[in-house]
Amino acid sequence: MDAKDILGLPKTSAPSEKKPRPTKDSQRKPDGISREVYALTGGLPPLMPTLEVSHLKKRPPVDKEKVTWQWLPFTSSARTDNLELYHWVRVVNGVPPTGDYAFAKYNKSVDIVKYTDEEYEKYLTDPTWTKEETDQLFEMCQQFDLRFLLIADRFPSSRTVEELKNRYYAVSRALLVAKAPSSGDVSNHPLVKNPYNMSQEVERKRALTAVLSQTRQQERKDAEILAEAKRIAEIRLTRKEEEEAELPQETTTHPDVNGNAIVPGEPASPSSSVQPPSLVAVLPISTADSASTPASLRMLRVFLRTHVFDQMVQEANSSSGLRTVKRVEQTLQDLGINIKPKVPTKAVCSEHLELRKEILTLLNLQKQLQYKEAEASANRENSYSETPSTPKRVQRDQDRLFVPDGYSGERVGKRDNKRKGSGRHIEAPPSPPQSKRPRKLKSSDG
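Here the structure is a predicted model, which is why all the values come from computation and not from measurement.

### A few points about the overall build of the chain
For the chain, the count of helices and strands is 17 helices and 2 strands. Across the 446 residues of the chain, 14% fall into the buried class. Considering only contacts in the chain between residues 6 or more positions apart, those separated by 24 or more positions represent 47%. Surface accessibility of the chain: about 37400 Å² in total, with carbon and sulfur atoms responsible for 55%.

Now the structure itself:
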């Protein structure tokens, strides 16, 4: 018995239609790929492009240009004799290259000034030089492009290189100034602005020759002398710094009546009390300035005062915290004073630093005063809170009521112990128990 029998359905039913399966497109394996590789890829296109074997067998196309090298003649514009030389040239399709020689552009010539006989007689006469020597010098300068070593080697008379240079530059400078409309037009020209100094050039070459001709022993000796000179300079500088650091202490330890500093160990002369007012006024300022200036900047001798002021402010604030420094700056702003002086002269900077020190002292005193007041208030509160316990016991004994003889003292003691153990303070005495109350008097008792 199945579900159809239970439900009363007929057992024979219409046959179910089967869904047709989609037909797979049969892909043919391409040539050049093995069956295993094609099965792994599943027919997907390859990541890298594949080349056909036929393309590998093709020959590369032949270049259309035909390049040959030929032995051809050439001329250069740098030469004036039209000399014809030969060299190998790259020829494309049988057409040789045209144009000037490629290296002719590197031929640079110097423009040598020219002068006439009238200009020579008017501006260029020199007792140590004749006109023929000057003409020959300028011709050789034009020929050898101001190579004065070659010119001195080929010059007919015995002239040094420095003398030839001095004559050439002197003539060129004189002609330049003479032909200029005004002297201001040629004032920035190198020949006028930096004239040739023959004596300096001779001294330079002499010193260079002396240095190059030194032996190893002389070089070692010179190095030792330089090291000793450097050591002596450092020792002198250290002694000077120590003297400058000790000078303010000596001047402030023994002042006289007039305020003049007296150095200990020196006898007071009669003329020491009578000093010019300028010297007396300048001495404390200079010593104070040298004392307040850091030693690292004192070595420079020349420095910016604003830079020194910033360093001195940092040194003054080094012992204080960040909150204290901010309070000092806030106090300066409340007083209407700039944090940095607008006119940082020596007097203004010293007064500003003195004001900062006084503000720091004031803040420290205020802080100490607050501490002292807090301690005093704490001591005062402790003295009020302390109360002696003995008077309370005395008062308790005084407030205790009288107990008659008829009552048992043992029970009273127990009650006192209970009251003490409970910790409660009861001013009124407890009532006696009911069993111990005195009975009422009857008429028969009377």
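### Quick notes on helix α13 (residues 305-316)
Helix length check: α13, at 12 residues, gives a terminal C-alpha distance of 16 Å against a target of 16 Å (1.5 Å per residue), a fit within 8%. What α13 keeps buried is the set V308, F309, M312 and V313. One side of α13 carries all its buried residues, which in axial view fall inside an arc of 135°.

### Side note on a nonpolar patch on the surface
Taken together, V67, W69, W71, Y86 and W88 make up a surface patch of nonpolar side chains, about 630 Å² in accessible area. Those elements giving two or more residues to the nonpolar patch turn out to be β1 (67-74) and β2 (85-92). When residues of the nonpolar patch are assigned to their parent elements, the largest contribution, 3 residues, is made by β1. With respect to the helices, strands and loops of the structure, W88 is situated in strand β2. Judged by its relative accessible area of 54%, W88 falls in the exposed class.

### Observations concerning the nonpolar core
One finds L137, C141, F148, I151, L164 and Y168 to be the most contacted residues of the largest nonpolar core, which totals 19 residues. Elements represented by at least two residues in this core include exactly α5 (131-144), α6 (148-154) and α7 (161-179). Residues V308, V313, C349 and L353 belong to the second largest nonpolar core, which totals 6 residues.

### Notes on the confidence of the model for the chain
Do not read the predicted coordinates in detail wherever pLDDT is low. Taken residue by residue, the chain gives an average pLDDT of 75. The fraction at 70 or more is 67%. Across the chain, element-level confidence peaks in α6 with a mean pLDDT of 94 and bottoms out in helix α11 (residues 277-292) with 40. Confidence drops under a pLDDT of 50 for residues 250-291, and excluding neighbours within four residues, the segment shows 23 contacts in the predicted structure. Below a pLDDT of 50 lies the segment residues 392-399, which in the model reaches 2 contacts outside its immediate sequence neighbourhood of four places, other chains included.

### Some thoughts on the side chain of E201
Tracing the backbone through its elements, the reader meets E201 in helix α9 (residues 198-212). With sequence-adjacent residues up to four places away left out, E201 is seen in contact with E162 and Y196.

### Things to note about the pattern of salt bridges
All told, the structure shown has 11 salt bridges when counted by the stated rule. In this structure, the salt-bridge partner of K131 is D117, at a minimum N-O distance of 3.0 Å. Here the residue K131 occupies a position in helix α5, and D117 occupies one in helix α4 (residues 117-123), the gap between them amounting to 14 residues. Since its relative accessible area comes to 23%, K131 is described here as partly exposed. A salt bridge links E162 to K205, with the nearest nitrogen and oxygen atoms 2.7 Å apart. Note that E162 is positioned in helix α7 and K205 in helix α9, a separation of 43 residues in sequence. Salt bridges linked by common partners bring D117, K131 and D135 together as one network.

### Focus on α7
For α7, spanning 19 residues, the distance from its first C-alpha to its last is 27 Å, which sits close to the expected 27 Å at 1.5 Å a residue. On its buried face, α7 sits against α4, α5, α6, α8 (190-193) and α9.

### Quick word on unusual backbone geometry
One non-glycine residue, N82, adopts positive backbone phi at about 55°. Looking at where N82 falls in the secondary structure, it is placed in the loop between β1 and β2. For N93, which is not glycine, the phi torsion reads 55° and is therefore positive. Its location among the elements puts N93 in the loop between β2 and α4. Among the residues examined, N93 registers a relative accessible area of 46% and is labelled partly exposed.

Each value, and the rule that gives it
- Residues numbered from 1 in each chain as written.
- Predicted model: local features only at pLDDT ≥ 70, side-chain atom pairs only at ≥ 80, totals over all residues.
- Heavy atoms only, no water.
- Helix = DSSP H or I, 4+ residues; strand = E, 2+ residues; numbered from the N terminus.
- Buried < 20%, exposed > 50% of the residue type's maximum accessible area, 1.4 Å probe, protein only.
- Contact = heavy atoms within 4.5 Å.
- Areas by Shrake-Rupley, 256 points an atom, 1.4 Å probe, with all protein chains shown as cover.
- Expected span 1.5 Å × (residues − 1).
- Arc of directions from axis to C-beta.
- Patch = residues over 30% accessible without salt bridge, like charges linked within 9 Å, V, L, I, M, F, W, Y side chains within 5 Å.
- Salt bridge = Lys/Arg side-chain N within 4 Å of Asp/Glu carboxyl O.
- Core = buried A, V, L, I, M, F, W, Y, C linked by side-chain atoms within 4.5 Å.
- pLDDT = per-residue confidence, 0-100.

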